[in-house]
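What follows is each chain in one-letter form.
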Amino acid sequence: MAELSTIARPYAVGLMEALQERKASAQDMSAVLDAVSRLAETAVDPQIGQLEGDPGLTDDQFYDIFASVVGADQPDEVKNLLRVVIQNGRVDALPEIARQFRILKNESEGVADALIETAFPLSDAELKDLLEALAKKFPGVKLHPVVSVEKALIGGVRVHVGDKLLDASILARLNQMKTALTA
C-alpha cells in the first residue's frame, strides 16, 4: 500500500490549485487551512472511523454525518475535498492532506513553520533573538514559530524548518559524545 504522504499529495495540490484558480486571498487560504485542519481532527475520531467502515451507510450519508460534526459553514473547496476523500475511501489521509496543504500554503506565501523545541519555556525576548538568528540561516523566508517544551532535551534548542533540522540541544551533544566514546 502506498504511503499516506503519496496518497495525500494530489489532494493537497488539487485543493491549492482550486484556490489559486479562484484567486483566493491569503485570508481565504487561512480559512481553508483551518477548515481542513478541523477535517483532519475529526477524521482521527474513533467514532468517525467506525462509521467509515459501516456498510449500511452510503457515501452521501457518511458525508452528511461528517460534515455535521465539522460544521456546515465550510468553504466550497473543503466540502468538495471531503466528498472526494470519502468517495475514494481516504478519510484516514485527511491529517496528512492538512499537513501538506499547510506546507503548500506557506510556500505560496514565502513562509515556513519553525518548529522550535526547547527544554524550558522561552521568554519573548529569547524567542525574538532566536528568530533573528534563524532568519540568517533561512534568508528570504518568513518564519512562523511553533514552540513546544521538551524536557528530554535537557537544555538548548532543536529547530525543524521544513526538512531541515538544527539541533543545538544538550541531549544531541551527549549523544554525539556517546557515539565518539563507543566508536
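In this text the structure is predicted, and so the values were computed from the model without any measurement.

### Quick notes on a nonpolar patch on the surface
Right, so step 1: A cluster of nonpolar side chains, contributed by Ile154, Ile170, Leu174, Met177 and Leu181, occupies part of the molecular surface with about 490 Å² of accessible area.
Right, so step 2: You can see Ile170 is positioned in helix H8 (residues 170-182).
Right, so step 3: On the basis of relative accessible area, Ile170 is assigned to the partly exposed category, the value being 32%.

### Considering the domain arrangement of the protein chain
Right, so step 1: Per the domain assignment, the segments of the protein chain are domain 1 (1-107) and domain 2 (110-182).
Right, so step 2: Look at where the C-alpha atoms of domain 1 and domain 2 centre, and you get two points 31 Å apart.

### Brief notes about the side chain of Glu117
Right, so step 1: Tracing the chain through its elements places Glu117 in strand S1 (residues 111-118).
Right, so step 2: Exposure remark for Glu117: the relative accessible area of 16% places this residue in the buried category.
Right, so step 3: Of the polar contacts made by the side chain of Glu117, one reaches the side chain of Arg158; its length is 2.7 Å.
Right, so step 4: Sequence-distant contacts of Glu117, defined by excluding residues within four places in its chain, comprise Ser148, Glu150, Leu153, Gly156, Val157, Arg158 and His160.

### Here we look at the packing of helix H1 (residues 4-21) against helix H5 (residues 76-87)
Right, so step 1: The contact between H1 and H5 brings their axes to 10 Å, and the two run at 150 degrees. In terms of orientation, H1 and H5 fall into the roughly antiparallel class. The element H1 and its partner H5 pack so that their crossing is right-handed. Listed contacts from H5 to Tyr11, Leu15, Ala18 and Leu19 of H1 are Glu77, Leu81, Val84 and Val85.
Right, so step 2: Partitioned by chemical class, the residues of the contact of H1 with H5 number 7 nonpolar, no polar and 1 charged.

### Overview of the confidence of the model for the protein chain
Right, so step 1: Across the protein chain, pLDDT averages 92, with 99% of residues at or above 70.
Right, so step 2: Predicted confidence in the protein chain is weakest over helix H3 (residues 46-52), with a mean pLDDT of 87, and strongest over H5, with 95.

### Re the nonpolar core
Right, so step 1: By size, the foremost hydrophobic cluster in this structure holds 33 residues, and its most contacted members are Phe66, Leu94 and Ile97.
Right, so step 2: At 8 residues, helix H2 (residues 26-43) tops the list of elements feeding residues into this core.
Right, so step 3: Sequence-distant contacts of Ile97, defined by excluding residues within four places in its chain, comprise Ala8, Tyr11, Ala12, Leu81 and Val85.
Right, so step 4: Counting residues in hydrophobic clusters, the runner-up holds 11 residues, among them Ala112, Leu130, Phe138 and Val157.

### Structural notes on the side chain of Arg158
Right, so step 1: On the secondary structure map, Arg158 appears in strand S3 (residues 156-161).
Right, so step 2: Those residues in contact with Arg158 that sit more than four places away from it in its chain are Leu115, Ile116, Glu117, Leu153, Leu165, Leu166 and Asp167.

### As for the pattern of salt bridges
Right, so step 1: Taken as a whole and judged by the stated rule, the model has 9 salt bridges.
Right, so step 2: Close ionic contact of Glu77 with Arg22 constitutes a salt bridge, the shortest N to O distance being 2.4 Å. Here Glu77 is found in helix H5, whereas its partner Arg22 is found in the loop between H1 and H2, with 55 residues between them in sequence.
Right, so step 3: Among the residues examined, Arg22 registers a relative accessible area of 41% and is labelled partly exposed.
Right, so step 4: With its nearest N and O atoms 3.1 Å apart, the salt bridge here joins Lys105 to Glu109. Highlighted residues: Lys105 and Glu109, both in helix H6 (residues 94-109), separated by 4 residues, approximately one helical turn.
Right, so step 5: A relative accessible area of 33% means that Glu109 is categorised as partly exposed.

Rules and cut-offs
- Residues numbered from 1 in each chain as written.
- Predicted model: local features only at pLDDT ≥ 70, side-chain atom pairs only at ≥ 80, totals over all residues.
- Heavy atoms only, no water.
- Patch = residues over 30% accessible without salt bridge, like charges linked within 9 Å, V, L, I, M, F, W, Y side chains within 5 Å.
- Areas by Shrake-Rupley, 256 points an atom, 1.4 Å probe, with all protein chains shown as cover.
- Salt bridge = Lys/Arg side-chain N within 4 Å of Asp/Glu carboxyl O.
- Helix = DSSP H or I, 4+ residues; strand = E, 2+ residues; numbered from the N terminus.
- Buried < 20%, exposed > 50% of the residue type's maximum accessible area, 1.4 Å probe, protein only.
- Domains from an automatic or database assignment.
- Polar contact = N/O pair within 3.5 Å; in protein donor to acceptor, adjacent residues only side chain to side chain.
- Contact = heavy atoms within 4.5 Å.
- Axes fitted to C-alpha atoms, helices over the stretch in contact; angles between N-to-C directions.
- Parallel < 35°, antiparallel > 145°, perpendicular 65-115°, else oblique.
- Left-handed = near helix turned anticlockwise from the far one by under 90°.
- Nonpolar A, V, L, I, M, F, W, Y, C, P; charged D, E, K, R; others polar.
- pLDDT = per-residue confidence, 0-100.
- Core = buried A, V, L, I, M, F, W, Y, C linked by side-chain atoms within 4.5 Å.

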